[in-house]
Every structure is written in C-alpha cells, then in structure tokens.
Amino acid sequence: RMSVLGGDLNVVVFENFLAGKGKYKIEAILIDSGRDLTLWIGGGTSPHVGAIALGMPRPSLEDSNITSASVSVLCLTGHKEDEWAKNLAHQLAKEFNQPAVVTLGIHIDDIVRVEMGLLREAFDAVIEQVIRFQKESLTQKYKHSKKSL
C-alpha cells in the first residue's frame, strides 16, 4: 500500500492484485483517491490498453432509492475488452457509489476457447480480490471515522 501524497493513506491508495499463472496471469492495480476509483487490469502475454470504461453512479431509473450506474466506453479498434470493461465499471460504480474508471488490456496470440476460459477465471478472481479489498477498506475508514466523532 502506498500514498503518492505522503502520510495519510486515505488520500490516494495503490493496491496490487494477481491471479492466474504464466500467460494466464491477470494483474490489477487499484487507485482509490477517496472520491473515485481507477482500476488498471492487464494480462496474458501482452498487457496493454484495449478498452477504457467510466462508470458514473446514479439513482436507478426504476427505483431512485437504489444506486445504478451509467457507463461510457472507449475501445481501441480491433480489441475485444470493451464488454468486460463496461460491466466492471458499472459494477464498481454501483457497488461503491463513486465514479470508477477501468482500463483493461489482456492479450494472447491466437487464443482458443479453453484459454479464454482460463483468462476469464483469473480475471474473475482478481475482481473478487479488488471488491473484497475495497469493501474491507471502506469498513476500516468507517470504523476510523466513528472513533473520531
């Protein structure tokens, strides 16, 4: 864990996550500025920027008491990461009620269906780690703020 602004780890926090092995390894770096989340995910044999998604929390159109999210996506020509990035940005913005940017790039040359499944398993495992970490982090912040009162 590290803060780029020094001292207070609640200002900007970086956290790394890994899942999978070899060319099926997925790495994620979460940056929590306190107001929004930025998540970079790369993997395979050539991590890169394939798609970027921005999730913005908003009240649900069906029930204004429920948080939903709107998502905008940019995808590099020929890349296929846009759906994964979109779904994840939506999930993070909705779950944590704050803007969430997801940058995603996973590549294996001549990938076959079985390999895609292995990458998806690693991707899902990394996302599970990120969400668990963020929930625990928010719980700690809440406990700390209650002690300050």
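Look up: the structure comes first, before these words.
The shown structure was predicted, so the numbers you read here are calculated from the model rather than taken from an experiment.

What counts, and at which threshold
Residues numbered from 1 in each chain as written. Predicted model: local features only at pLDDT ≥ 70, side-chain atom pairs only at ≥ 80, totals over all residues. Heavy atoms only, no water. Patch = residues over 30% accessible without salt bridge, like charges linked within 9 Å, V, L, I, M, F, W, Y side chains within 5 Å. Areas by Shrake-Rupley, 256 points an atom, 1.4 Å probe, with all protein chains shown as cover. Salt bridge = Lys/Arg side-chain N within 4 Å of Asp/Glu carboxyl O. Helix = DSSP H or I, 4+ residues; strand = E, 2+ residues; numbered from the N terminus. Pairing = 2+ DSSP bridges. Axes fitted to C-alpha atoms, helices over the stretch in contact; angles between N-to-C directions. Buried < 20%, exposed > 50% of the residue type's maximum accessible area, 1.4 Å probe, protein only.

## A few points about a nonpolar patch on the surface
Phase 1: On the surface, Val49, Ile52, Leu74 and Leu76 cluster together into a nonpolar patch covering about 320 Å² of accessible area.
Phase 2: With respect to the helices, strands and loops of the structure, Val49 is situated in the loop between strand S3 (37-44) and strand S4 (51-59).

## Observations regarding the sheet that holds strand S1 (residues 13-19)
To summarise the sheet geometry, strands pair through backbone hydrogen bonds and adopt either a parallel or an antiparallel arrangement.
Phase 1: With mixed pairing, the six strands of this open sheet are ordered in space as S1-S2-S3-S6-S4-S5. The open sheet terminates on both sides in strands that have one partner only, identified here as S1 and strand S5 (67-75). On average, each strand axis in the sheet is inclined to that of its neighbour by 15 degrees, with strand direction left out of account.
Phase 2: Note that S4 and S5 share nine bridges and pair antiparallel. Bridge pairing links Ile52 to Leu74 in S5.

## Describing the pattern of salt bridges
Phase 1: Going through the model one piece at a time under the given rule, you end up with four salt bridges.
Phase 2: With a shortest N-O distance of 2.8 Å, Lys23 and Glu115 are connected by a salt bridge. Of the two residues, Lys23 sits in the loop between S1 and strand S2 (26-32) while Glu115 sits in helix H2 (residues 113-148), which places them 92 residues apart along the sequence.
Phase 3: Its relative accessible area of 36% is what places Lys23 among the partly exposed residues.
Phase 4: For Glu95, the salt bridge identified is with Lys135, shortest N-O distance 3.1 Å. Of this pair, Glu95 sits in helix H1 (residues 82-96) while Lys135 sits in helix H2, placing them 40 residues apart in sequence.

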